[in-house]
Amino acid sequence: MTSQHFEEQSALGEAGDGVSNLPSPFAYLLTIHLKEGRNLVIRDRCGTSDPYVKFKLNGKTLYKSKVIYKNLNPVWDEIVVLPIQSLDQKLRVKVYDRDLTTSDFMGSAFVILSDLELNRTTERILKLEDPNSLEDDMGVIVLNLNLVVKQGDFKRHRWSNRKRLSASKSSLIRHLRLSDSLKKNQLWNGIISITLLEGKNVSGGNMAEMFVQLKLGDQRYKSKTLCKSANPQWREEFDFHYFSDRMGILDIEVWGKDSKKHEERLGTCKVDIAALPLKQANCLELPLDSCLGVLLMLVTLTPCAGVSISDLCVCPLADPSERKQIAQRYGLRNSLRDMKDIGLLQVKVLKAVDLLAADFSGKSDPFCLLELGNDRLQTHTIYKTLNPEWNKVFTFPVKDIHDVLEVTVFDEDGDKPPDFLGKIAIPLLSIRDGQTNCYVLKNKDLEQAFKGLIYLEMDFIYNPVKASIRTFSPREKRFVEDSRKLSKKILSRDVDRVKRITMAIWNTIQFLKSCFQWESTWRSAIAFVVFLVTVWNFELYMIPLALLLLFVYNFIRPVKGKVGGMQDSQESTDLEDEDEEDDKESEKKGLIERIYMVQDIVSTVQNVLEEIASFGERIKNTFNWTVPFLSLLACLVLAAAAATLYLVPLRCIVLVWGINKFTKKLRNPYAIDNNELLDFLSRVPSDVQKVQYAELRPCGSQSPLRKKRSGL
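Looking at an unreviewed UniProt entry, one finds the protein named Multiple C2 and transmembrane domain-containing protein 2 and attributed to Rousettus aegyptiacus. The UniProt entry for the protein carries this comment under Sequence similarities (unreviewed entry): "Belongs to the MCTP family."

Caption draft 1: Local environment of the overall build of the protein. Broken down by element type, the protein carries 14 helices and 26 strands. Here the protein, with 712 residues, has 47% of them falling under the buried criterion. For the protein, the exposed area adds up to about 36800 Å²; of that, 57% sits on carbon and sulfur atoms.

Caption draft 2: Geometry of the side chain of N463. Looking at the element boundaries, N463 is found in the loop between strand 26 (449–462) and helix 4 (464–471). Under the relative-accessibility criterion, N463 is labelled buried at 0%. There is a polar contact of 3.2 Å between the side chain of N463 and the side chain of S335. Beyond its immediate stretch of four places on either side in the chain, N463 contacts Y330, G331, L332, N334, S335 and I342.

Caption draft 3: Fine view of the pairing of strand 17 (residues 294–303). Most of strand 17 sits inside the fold, with seven of its 10 residues counted as buried. Pairing of strand 9 (residues 190–200) with strand 17, which is carried by 10 bridges, proceeds in the antiparallel orientation. Looking across to strand 17, one finds that I192 is bridged to L301. Here strand 16 (residues 282–287) pairs with strand 17 via six bridges, running antiparallel. Residue P287 lies in a different strand from strand 17, and its bridge partner there is V294. Connecting the antiparallel pair strand 16 and strand 17 is a turn made up of six residues, with S290 showing a positive phi of about 75°.

Caption draft 4: Representation of the confidence of the model for the protein in the model. Summarising the model, the protein shows a mean pLDDT of 79, and 81% of its residues fall at 70 or more. Under a pLDDT of 50 for its full length, residues 1–26 has, in the predicted model, 40 contacts with residues more than four places off or in other chains. Every residue in residues 701–712 scores below 50 in pLDDT, and together they form 21 contacts with partners more than four places removed in sequence or on other chains.

Caption draft 5: Representation of the packing of aromatic side chains in the model. The tally for this structure, following the rule as stated, stands at 15 aromatic pairs. For the pair Y221 and F238, a centre-to-centre distance of 5.1 Å together with 45° between the ring planes defines the contact as tilted. With Y221 in strand 11 (residues 219–222) and F238 in strand 13 (residues 233–242), the pair connects residues that are 17 residues apart, well separated along the chain. Judged on exposure class, the residue Y221 and its partner F238 are both buried. An angle of 20° between the planes, with centres 5.5 Å apart, marks the rings of F472 and F680 as stacked. Of this pair, F472 sits in the loop between helix 4 and helix 5 (488–517) while F680 is found in helix 13 (residues 676–681), placing the two residues 208 residues apart along the sequence. Grouping aromatic residues by their ring pairs yields a cluster made of Y221, F238, F240 and F479. The ring centre of F110 lies 4.3 Å from the NZ or CZ of K90, which sits over that ring. Above the ring of F211, the side-chain terminus of K222 is found at 4.3 Å from the ring centroid.

Caption draft 6: Up close: the packing of helix 4 against helix 11 (residues 628–647). Contact pair helix 4 / helix 11: the axes reach a minimum separation of 11 Å and the direction vectors enclose 80°. Regarding the angle of helix 4 to helix 11, the classification is roughly perpendicular. Here P464, A467, S468 and T471 of helix 4 lie close against helix 11, whose contacting residues are F629, L630 and L633. Across the contact of helix 4 with helix 11, the residue classes tally to five nonpolar, two polar and no charged.

Caption draft 7: Molecular detail of the packing of helix 7 (residues 542–556) against helix 11. Close contact between helix 7 and helix 11 brings their axes to 8 Å; oriented N to C, the two are set at 155°. With respect to each other, helix 7 and helix 11 are oriented roughly antiparallel. Crossing geometry of helix 7 relative to helix 11 is assigned as left-handed. Contacts between helix 7 and helix 11 involve P544, L545, L547, L548 and F551 from the first element and S631, A634, C635, L638, A639, A641, A642 and L645 from the second. Across the contact of helix 7 with helix 11, the residue classes break down as 12 nonpolar, one polar and no charged.

Caption draft 8: Fine view of the environment of I612. Here I612 is to be found in helix 10 (residues 593–623). Taking C-alpha positions, I612 is 10.0 Å from V495, a pair spaced 117 residues apart along the chain. Residues contacting I612, with those up to four places away along its chain left out, are V498 and I501.

Caption draft 9: Structural detail: the pattern of salt bridges. Inspection of the entire model under this criterion finds 28 salt bridges. The closest approach of N and O atoms between K399 and D375, which form a salt bridge, is 3.9 Å. Of the two residues, K399 sits in the loop between strand 22 (389–398) and strand 23 (404–413) while D375 sits in strand 21 (residues 375–378), which places them 24 residues apart along the sequence. In this pair, the class of K399 matches that of D375, namely buried. Where salt bridges share partners, they join E36, R38, E253 and R265 into one cluster.

Caption draft 10: Spatial organisation of helix 11. Across its 20 residues, helix 11 extends 28 Å between first and last C-alpha, which sits within 8% of the 28 Å expected from 1.5 Å per residue. The complete set of buried residues in helix 11 reads F629, L630, S631, L633, A634, C635, L638 and A642.

Caption draft 11: Representation of helix 4 within the structure. For helix 4, the full list of buried residues reads K466, A467, S468, R470 and T471. If you follow the buried residues of helix 4, they end up packed against strand 26, helix 11 and helix 13. Where helix 4 starts, the residue carrying a side-chain oxygen 3.0 Å from the main-chain nitrogen of V465 turns out to be N463.

Caption draft 12: Looking closely at the UniProt feature "transmembrane region" (unreviewed entry) in the protein. Listed under "transmembrane region" (unreviewed entry) in the UniProt record, and renumbered for this structure, are residues 526–556 and 629–657. Span residues 526–556 is 87% helix and 0% strand, its end C-alpha atoms 24 Å apart. Helix makes up 93% of residues 629–657 and strand makes up 0%, while its end C-alpha atoms are separated by 27 Å.

Caption draft 13: View of the side chain of T395. Tracing the backbone shows T395 in strand 22. A polar contact of 2.6 Å, which involves the side chain of T395, links it to the backbone oxygen of G306. Within the structure, T395 has its side chain in polar contact with the side chain of S308 (distance 2.5 Å). Dropping the residues within four chain positions of it, T395 is found in contact with G306, V307, S308, P316, L344, L345, Q346 and L377.

Caption draft 14: Local environment of the sheet that holds strand 13. Strands sit in the order 13-9-17-16 across an open sheet of four strands; the sheet is antiparallel. Since the sheet does not close on itself, it has two edges, and those belong to strand 13 and strand 16, each with one partner. Going across the sheet, the axis of each strand differs from the next one's by a mean of 25°, ignoring polarity. Bridge analysis of strand 9 against strand 13 gives eight bridges, and the strand direction is antiparallel. Its bridge partner being in strand 13, I191 is matched across the sheet by H241.

Procedures and definitions
- Residues numbered from 1 in each chain as written.
- Predicted model: local features only at pLDDT ≥ 70, side-chain atom pairs only at ≥ 80, totals over all residues.
- Heavy atoms only, no water.
- UniProt positions renumbered as here; feature names shortened; annotations may be inferred.
- Helix = DSSP H or I, 4+ residues; strand = E, 2+ residues; numbered from the N terminus.
- Buried < 20%, exposed > 50% of the residue type's maximum accessible area, 1.4 Å probe, protein only.
- Areas by Shrake-Rupley, 256 points an atom, 1.4 Å probe, with all protein chains shown as cover.
- Polar contact = N/O pair within 3.5 Å; in protein donor to acceptor, adjacent residues only side chain to side chain.
- Contact = heavy atoms within 4.5 Å.
- Pairing = 2+ DSSP bridges.
- pLDDT = per-residue confidence, 0-100.
- Phe/Tyr/Trp six-rings, centres within 6.5 Å; stacked < 30°, edge-to-face > 60°.
- Lys NZ or Arg CZ within 6 Å of the ring centre and 35° of its normal.
- Axes fitted to C-alpha atoms, helices over the stretch in contact; angles between N-to-C directions.
- Parallel < 35°, antiparallel > 145°, perpendicular 65-115°, else oblique.
- Nonpolar A, V, L, I, M, F, W, Y, C, P; charged D, E, K, R; others polar.
- Left-handed = near helix turned anticlockwise from the far one by under 90°.
- Salt bridge = Lys/Arg side-chain N within 4 Å of Asp/Glu carboxyl O.
- Expected span 1.5 Å × (residues − 1).

Here is the structure:
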């Protein structure tokens, strides 16, 4: 955002670094990056606070941050651009504790605007004070401030998705093409692969658990939480996007949790990514500030090709020679080269029709956000229309063919967060190459039809060998998002899903029990004969053969079984629109300590139920040929396992397995342990995901759409 301001300012002429030399018609833009708070004061009875920040000028509140609950060291990581007409004033920064009735004051500080240097980002650590308080140390607020000049009228554009990304549009080219700065801010040049290995002699103090946070720009990861140990073993891998024109400083923080789940930062360290050599695994031992110990990690910077934004006239795969070159790149001959480069996805975002009117004028200012895993690209905004035509081409490098492309349409709303206009989710394996498809937009939960249609054309080229091998590796971790709120709707749905799986298992047990008790003579007789024949002739290789027969049975079974399963899932997710009210109520009640405790317990139960239900549904959908690629891959593995068990003695197989396990650490000290079976099942969609990924066909008899503004 600030890079475009710099370009605009330089186009107007050199203003110099002094404020007194600026002409009077100039207005200023102050970019504030609200980073974090440290050691804030306690305002709740549970020993924590729920802080948020207000920025004020001339007594008016210009911006209010989100609330960080139960945290004395909150990390906001929010960016806001404020218009400044005069530098002869102070920017007030006030911190409050969110409460059910009134907000408690937690201290304030101020910034003298005339002390800021133009066109230079400075970090300010503001000490909070309150003359009416007896507390000497009320903590600090950390900000990054950047002041630039702007002539004439301007309009602030700030929209926030999961990471509160920001981008400004140029009014001169808003209807023609992406502005250069917007395009430049989106395209990454490389991938930074970080393997967090372990800590050595880390001092955890009174903490019971430890975890690590990694941050590069607006990209943030959180490691798994381990029990307190002087030498914690994380063994996790994270991938960041690298932009060569930005400061590549990786911030690493070690955090601890005590028995009451209060978090405290133990130590920090930094890595200058730009100083590392390319295409080389750099083993780094990083000493921690503020505490004893070091972190051991591998950092690899790899140039990335394949991500681009262009017009229809310069579509990459439209050129036959370039398409042939890309096809050869992912041909079978290159199956063992660059195992992370699975394929290439090209998406043509053509147009949308009959969108929801989000403005009082009866129009909208729509733009599209495309997400593939952690990769995000955005179109320009078409103003004052319900039938926008973007005609843009986006290409993504594919790291996992089981990823899902999410396309969301938003309405740009000036300095406010954008309004939701619809969303679709498309599994990569369901893409029909080279066909223009019309998709019905869905609501945020991807469960019901929303208003409007969107037209896309997609091409997907990938290497099947690399894709198969990648299936048995851990999925890419997602960037840290806001914590999931307690939802009565989701909890009820997960209980129903677990109940169905439990009933299926219970019915199977009752069927076996009835066979033993001879409730049905012919059924028990047949079961007895099958038992005798099976046990007498049983060999280990028959287990994968029996599973193969289950695949064959589901393959030749009529398709109505799959459709029925999806309809059941649709019925289970077709609940009333009371989610937002429940979320708001739970947020208000969360200010009381006992309610917090109940929320934590119920949220944990909700997550556990969802994991159990998803696990059972994924096993069922593997055998149901929900994703033919995965079911066929499972058949090949089972056939190979049956042949191995038939030809190779069991003792040899166990011996090879044991030797591999015992020598793995010696052969590769930095190896990351994983469970191939669980990694495979993580690619199979659950019943809820089947409904979300199902394509709705446009028709005249669609179900009534929700018109409530609260549904946005």
